[in-house]
Amino acid sequence: MSSQKLFSAFFLQLILAILVLGVANVQCLKKDFYKKTCPAAEYIVRKTTAQYISKAPTLAAPLLRMHFHDCFVRGCDGSVLLNSTKKNQAEKDAIPNLSLRGYHVIDAVKTAVEKKCPGVVSCTDILALVARDAVSMINGPYWKVPTGRRDGKVSIALEALTNLPPPFANITQLKSMFGSKGLSVKDLVVLSGGHTIGTSHCSSFTNRLYNFTGKGDTDPSLDPKYVIHLKKKCKAGDVKTLVEMDPGSFKTFDEDYYTLVAKKRGLFESDAALLNDAQTRKYVKVQAVSHGRSFGKDFAASMVKMGKIGVLTGKAGEIRKYCAFVNK
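Please read these numbers as outputs of a predicted model, since none were measured by experiment. (Residues numbered from 1 in each chain as written. Predicted model: local features only at pLDDT ≥ 70, side-chain atom pairs only at ≥ 80, totals over all residues. Heavy atoms only, no water.)

Colleague: Would you mind going over the overall build of the chain with me for this structure?
Modeller: Tallying secondary structure elements over the chain gives 14 helices and 2 strands in all. Against the 2.2 N^0.38 benchmark of 20 Å for 328 residues, the chain shows a C-alpha radius of gyration of 21 Å, consistent with a compact globule. With the C-alpha coordinates aligned to their principal axes, the bounding extent of the chain is approximately 65 × 55 × 45 Å. Out of the 328 residues in the chain, the part that is buried amounts to 48%. Put simply, 75% of the contacts in the chain that link residues at least 6 apart link residues at least 24 apart. Carbon together with sulfur atoms contributes 59% to the accessible area of the chain, which is approximately 16500 Å² in total. Taken as two groups, the 48 positive and 27 negative side-chain charges of the chain have centres that lie 3 Å from each other. (Helix = DSSP H or I, 4+ residues; strand = E, 2+ residues; numbered from the N terminus. Rg over C-alpha atoms; globule rule 2.2 N^0.38 Å. Buried < 20%, exposed > 50% of the residue type's maximum accessible area, 1.4 Å probe, protein only. Contact = heavy atoms within 4.5 Å. Areas by Shrake-Rupley, 256 points an atom, 1.4 Å probe, with all protein chains shown as cover. Lys, Arg positive; Asp, Glu negative; His and termini not counted. Charge placed at Lys NZ, Arg CZ, Asp CG, Glu CD.)

Structure, rendered in structure tokens:
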């Protein structure tokens, strides 16, 4: 057998081993994973989360986004929660994550869970549960979160830059980035619906208003009347002002996002991009016309699927004592 054939055979075996390992890790996740080791875990998570969301419902959006950003970089392993060190800049300090907030909620939940069951529940599972609970508390769907994830020990800022879909991504880039995580085109358009809650800094979309192609023009895919409205809120170069993603209901999880996108009023280029593919465009229009008939159910299913990306289970990783630090 030639060396080329030997290499090909070895490479194929390596790929198969990686796939088998990934499937095995996902299969280790299960509902009520902590039923025997910490039966009150999910109750404690929900109770503590409610104490924050009841006072500040706007925290739901960044907590949901935090879970998304965690899973898209190194898989769902809590790496987004780790602090930078003198020798390493962590994901949370990468540009796409600088606007994340709600870490104090995760820390409060972890403290409460540790008090009851020390060293049992991972920060990664807590983040997945908090994201679910926060969404459900602002009129969103509720889904059973398979648990059993363990915490990673590595967090690299550069990986956030290369793995997180940017607000200026086109539909080809979005499909590729979601596909690389094992998510379908439907998952892409469904999870984009998370933009129904939260706010964005003007800097994430002002190029669409003032200098789309470098000639001082506006993005033709954005409703001209909406451009006028947004220009009143965001001046060129504004990096501080926050704008509602879903004006009028940015604190409530609903289907209005799709109505806005269908009217060419999606805030990001990545929102507008959903109208540039037959499958995503159809989903947008169906949800807009039917007032989100299947959105809640679809979102729940896609969140469960996303929550299984690259998980660490069994003896891999660790159960962090403090979410911002690896164990000593």
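Still more to cover.
Colleague: Hey, could you run me through the nonpolar core in this one?
Modeller: Burial of nonpolar side chains together is a common tendency in soluble globular proteins. If you look at the biggest cluster of nonpolar residues, it comprises 71 residues, and the most contacted ones within it are Leu63, Met66, Leu81, Ile106 and Phe299. Contacts of leucine 63, omitting those with residues within four sequence positions, involve Ile53, Arg101, Gly102, Val105, Ile106, Leu127, Val130, Ala131 and Ala134. Leu222, Leu230, Cys234 and Met245 belong to the second largest nonpolar core, which has 12 residues in total. (Core = buried A, V, L, I, M, F, W, Y, C linked by side-chain atoms within 4.5 Å.)

Colleague: So what exactly am I meant to see when it comes to a nonpolar patch on the surface here?
Modeller: Nonpolar side chains collect at one region of the surface, where Ile95, Leu98, Leu158 and Leu161 lie side by side and expose about 450 Å² of accessible area between them. With respect to the helices, strands and loops of the structure, leucine 161 is situated in helix α6 (residues 157-163). (Patch = residues over 30% accessible without salt bridge, like charges linked within 9 Å, V, L, I, M, F, W, Y side chains within 5 Å. Salt bridge = Lys/Arg side-chain N within 4 Å of Asp/Glu carboxyl O.)

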